[in-house]
Every structure is written in structure tokens, then in C-alpha cells.
Amino acid sequence: MDNILKSAQEQFREVQSLLIQPSANNDYFTQLSIATEEAYFVMNSGMCNTAECEHCMQHRDFIRSVMDVLGELEIDSAKAEKYTTILKEYAARVNLILERIAIFLS
């Protein structure tokens, strides 16, 4: 389980770093989308299959919806302002997930 959590921590730190410092780079939403997909994959590969992580299902569902948004932004980044609230909530949830992982790893 520690290996899965460490992998998840690494993936969510990558997402967090992208969310903290958005880039004007045309590939920003592609990079964020890829990092999000990788973090989501780790969540689905066993990170949240324990009773202690029941609340992760809500985060996982939200991340799934964010993946759809990021797919749209990869095509048309001009729509980013439309999704400001969702991206802020995503950043907050990533922080919560990282805090929870740190608790389990300590």
C-alpha cells in the first residue's frame, strides 16, 4: 500500500505544481490533463480501496469530471475563464488528497 500511496503522492504533486503555476504555454492544459489522468489512474489502481478512504470516491468522481473539462480546454484554451471555479476547486481537492496521503504515510 505504501508504494501505491507514494506513487499517488508523486502524481498529485505534479498536478499541484501545474495548478499552482499555470502557464501561458499552449501545452499547459495538455500537461495538466496528462498529469490528472495519471493521478486518477493511481486512485483507481488501489489507492482508495480501503475503508479509511471512503471519501476518496467523491474526489475521484470530481477528478473524472475535471478530466472532461481539461479535454475541452486542450482543444480550446480560450474557454479557461469559464472553468475558473472548477479549476480552483480542483486545486483545493488536490491539496486535501495530498494532506490525506501524508497522514497515511506518516
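As a starting point, this report considers the structure included with it. (Residues numbered from 1 in each chain as written. Predicted model: local features only at pLDDT ≥ 70, side-chain atom pairs only at ≥ 80, totals over all residues. Heavy atoms only, no water.)

## Points about the packing of helix H3 (residues 56–75) against helix H4 (residues 84–105)
Axes are the key here: two packed helices are described by the angle between their axes and the distance separating the axes.
Point 1. Running from N to C, H3 and H4 point in directions that differ by 140 degrees, and their axes come no closer than 11 Å. If you check the angle between H3 and H4, you find them oblique. With respect to the hand of their crossing, H3 and H4 are arranged in left-handed fashion. For the pair formed by H3 and H4, the contact residues are Gln58, His59, Phe62, Ile63, Val66, Val69, Leu70 and Leu73 on the first element and Ile86, Leu87, Glu89, Tyr90, Arg93, Leu96 and Ile97 on the second.
Point 2. For the contact of H3 with H4, the class distribution of residues is eleven nonpolar, two polar and two charged. (Axes fitted to C-alpha atoms, helices over the stretch in contact; angles between N-to-C directions. Helix = DSSP H or I, 4+ residues; strand = E, 2+ residues; numbered from the N terminus. Parallel < 35°, antiparallel > 145°, perpendicular 65-115°, else oblique. Left-handed = near helix turned anticlockwise from the far one by under 90°. Contact = heavy atoms within 4.5 Å. Nonpolar A, V, L, I, M, F, W, Y, C, P; charged D, E, K, R; others polar.)

## Considering the pattern of salt bridges
Point 1. For the coordinates displayed, the defined rule picks out three salt bridges.
Point 2. With a shortest N-O distance of 3.1 Å, aspartate 68 and arginine 64 are connected by a salt bridge. Highlighted residues: aspartate 68 and arginine 64, both in helix H3, separated by four residues, approximately one helical turn.
Point 3. You can call aspartate 68 partly exposed: its relative accessible area is 47%.
Point 4. Between glutamate 72 and lysine 79 there is a salt bridge, with its nearest N and O atoms 3.2 Å apart.
Point 5. Exposure remark for glutamate 72: the relative accessible area of 26% places this residue in the partly exposed category. (Salt bridge = Lys/Arg side-chain N within 4 Å of Asp/Glu carboxyl O. Buried < 20%, exposed > 50% of the residue type's maximum accessible area, 1.4 Å probe, protein only.)

## Description of a negative patch on the surface
Point 1. Among the surface-exposed residues, Glu10, Glu14, Glu37, Glu38 and Glu74 lie close enough to one another that they form a single negatively charged patch.
Point 2. Listed by contribution, the elements that provide at least two residues to the negative patch are helix H1 (2–20) and helix H2 (28–47).
Point 3. Residue classification places glutamate 10 among the exposed residues on the basis of a relative accessible area of 57%. (Patch = residues over 30% accessible without salt bridge, like charges linked within 9 Å, V, L, I, M, F, W, Y side chains within 5 Å. Areas by Shrake-Rupley, 256 points an atom, 1.4 Å probe, with all protein chains shown as cover. Lys, Arg positive; Asp, Glu negative; His and termini not counted. Charge placed at Lys NZ, Arg CZ, Asp CG, Glu CD.)

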